[in-house]
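Each chain, letter by letter, is given below.
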There are 2 protein chains.
Amino acid sequence: MTERPLILVTNDDGINAPGIRTLIDIMKSIGDVIVVAPNSPQSGMGHAITLDSTLHAEEININNKTSQKEFSCSGTPADCVKLAIRVLSPRKPDLCVSGINHGSNSSINVIYSGTMSAAIEAGIEGIPAIGFSLLDYKWNANFEASKAYVKTITENVLKEGLPSGVVLNVNIPNVPENNIKGIKICRQAKANWVEEFDKRKTPQGKDYYWLTGKFVNLDGGEDTDEWALENGYVSVVPVQFDLTAHYFIKNLNTWDLK
Amino acid sequence: MTERPLILVTNDDGINAPGIRTLIDIMKSIGDVIVVAPNSPQSGMGHAITLDSTLHAEEININNKTSQKEFSCSGTPADCVKLAIRVLSPRKPDLCVSGINHGSNSSINVIYSGTMSAAIEAGIEGIPAIGFSLLDYKWNANFEASKAYVKTITENVLKEGLPSGVVLNVNIPNVPENNIKGIKICRQAKANWVEEFDKRKTPQGKDYYWLTGKFVNLDGGEDTDEWALENGYVSVVPVQFDLTAHYFIKNLNTWDLK
């Protein structure tokens, strides 16, 4: 690539989150940057899109000294990517990066993740895309150790490209930089959340619930993202949005369906 | 199965939608029914879950003559399934059915679909699950032609089971019953939405947008759900929630990632 790539940056924690500010800084060293990100936290939004209400996008940080454009958007992460590609970006971005998420999007979390849905939305549009997440939910999480890995992986994607239908899900362990052992290519671990609903009563005496739960990893495979993260590696899972369970088609064809 | 199966029914169009009322009626002829569905439409919610606010579930239709229990829930389709399994259902359901959706969830729509996210959520919990959708967005859509197919597919799933990690995405063409040619096992077609944002101005002069767009099928394969539906078949796609693009792991391992 001879000219600087145009990189679309988004996330699900909101445009002011320290994670996306770190990601913007890294991307400015690689290419030209356009930011279109939610104006408020959107964690757990999955691949939601806004069908029944209006979308607003406001240009912010207009007078800053750097070249990137930034738009704060009322929609979900997937909305942000759609609006960026169709309306706000001066041309089709060469790459989309999402994050750095405050908290894990490994294993089954990819399903619920607004961070990853933004990357998948870009992938559907034929744009190479990466979601980055740090295993620290705190707002003041330390993203220092992430920087070199985010840069290396991004540069490799720009150099190598990604096949149609594939985006990357990158998770970074919450350990000091010297304790990170490297990057490991993985598969999504088989895991789930065991919810524990906290049942309470409103002042008027009606039941209501808070969703809580604990994460259960059912998969000891050393080729999984959970294993990599527990053992100090940055995990990289190639993610596809063809959800077809191809292997089961043959079996289904033996069923008694007229 | 000697005793009647317990069937969890949910959807994303809301508990009062004609589609779920039809589905409840069909399921009552097969097993015992518990309904936990959103109290308002949730189309396009993808796999969103409610993390930052409370969940409410109200028992409704308590005095009706039938045996099923029904709960109207403030959450997303995925929330409804979690709350049903952990709190509201007397035991773990033997099956979860979602729909009948007013509108298509074929091809890439599976990604945005609240109907399918409910089925996937049940699948993550180890419950066989099916999402049903009719290709008619209208509230007064005619579900007559769907009934026999919904029943046949449901009975087959109860009889045959589904492998761990697989749920079914069933779409029904919007044609008279006599014109339906049968059931076809398919893969998800490669298709996407080309958005056209309708840009307007608020009374105060600020830009805002409505998300609109047209569906583009890029995949002529006769083994796809789009082909089946266009040719008068009910499409059945086995859907998995291991999103790993396994085939690309070997290639990624050749990249220059330390």
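Residues numbered from 1 in each chain as written. Chains lettered and ligands numbered in written order. Predicted model: local features only at pLDDT ≥ 70, side-chain atom pairs only at ≥ 80, totals over all residues. Heavy atoms only, no water.

- Identification of chain A as 5'-nucleotidase SurE from Thalassobellus suaedae is taken from an unreviewed UniProt entry.
- What UniProt records for chain A under Function (unreviewed entry) is the sentence "Nucleotidase that shows phosphatase activity on nucleoside 5'-monophosphates."
- Of chain A, the UniProt comment under Subcellular location (unreviewed entry) reads exactly: "Cytoplasm". (UniProt positions renumbered as here; feature names shortened; annotations may be inferred.)

1. As for the sheet that holds strand β5 (residues 95-102) of chain B
Residues and elements named next belong to chain B.
- Sheet architecture is open: 9 strands sit in the order β3-β4-β2-β1-β5-β6-β7-β11-β8, paired in mixed fashion. Strand pairing shows two members of the sheet lacking a second neighbour, β3 (57-60) and β8 (182-185), which therefore form its edges. For this sheet, the mean inter-axis angle between neighbouring strands, taken without regard to orientation, is 25 degrees.
- Where β8 and strand β11 (residues 233-240) come together, 4 bridges link them in parallel fashion. What sits directly across from I183, in β11, is V234.
- Strands β1 (6-10), β2 (32-38), β3, β4 (69-73) and β5 of the sheet are contacted by helix α2 (residues 77-88), whose axis makes an angle of about 135 degrees with β2.
- With respect to the sheet, helix α5 (residues 146-160) is in contact with β5, β6 (129-134), β7 (166-172), β8 and β11, its orientation differing from that of β6 by roughly 170 degrees. (Pairing = 2+ DSSP bridges. Helix = DSSP H or I, 4+ residues; strand = E, 2+ residues; numbered from the N terminus. Axes fitted to C-alpha atoms, helices over the stretch in contact; angles between N-to-C directions. Contact = heavy atoms within 4.5 Å.)

2. Side note on the relation of the copies chain A and chain B
- The two copies are related by a screw operation: chain A maps onto chain B through 180 degrees of rotation and 0.0 Å of translation along the axis, at an RMSD of 0.0 Å. Viewed as a symmetry operation, the transformation between the two copies matches a two-fold axis.
- Comparing contact sets, 100% of the residues at the interface of chain A also lie at the interface in chain B, consistent with an isologous, same-surface contact. (Least-squares fit on C-alpha atoms with pLDDT ≥ 70 in both.)

3. Concerning the packing of helix α2 (residues 77-88) of chain A against helix α4 (residues 114-124) of chain A
Residue and element names in this part refer to chain A.
- For the pair α2 and α4, the least separation of the axes is 7 Å and the interaxial angle reads 30 degrees. Classified by the interaxial angle, the pair formed by α2 and α4 is roughly parallel. As for how α2 packs across α4, the hand of that crossing is right-handed. Packed against α2, whose contacting residues are P77, A78, V81 and K82, the element α4 presents G114, S117, A118, E121 and A122 at the interface.
- Its residues assigned to classes, the contact of α2 with α4 comprises 5 nonpolar, 2 polar and 2 charged. (Parallel < 35°, antiparallel > 145°, perpendicular 65-115°, else oblique. Left-handed = near helix turned anticlockwise from the far one by under 90°. Nonpolar A, V, L, I, M, F, W, Y, C, P; charged D, E, K, R; others polar.)

4. Some remarks on the pattern of salt bridges
- In this structure the tally under the stated criterion is 40 salt bridges over all chains.
- A salt bridge links E70 of chain B to R21 of chain B; the nearest nitrogen and oxygen atoms lie 2.7 Å apart. Residue E70 of chain B is located in strand β4, and its partner R21 of chain B is located in helix α1 (residues 18-28); the two are separated by 49 residues in the primary sequence.
- Relative accessible area serves as the criterion here: at 1%, E70 of chain B is assigned to the buried category.
- Taking the relative accessible area as the measure of exposure, R21 of chain B reaches 25% and is therefore partly exposed.
- A salt bridge links K159 of chain B to E160 of chain B; the shortest N-O distance between them is 3.8 Å.
- On the accessibility criterion, E160 of chain B (39% relative accessible area) is partly exposed.
- The network of salt bridges with common partners includes K82, R86, E121 and E125 of chain A together with E195 of chain B. (Salt bridge = Lys/Arg side-chain N within 4 Å of Asp/Glu carboxyl O. Buried < 20%, exposed > 50% of the residue type's maximum accessible area, 1.4 Å probe, protein only.)

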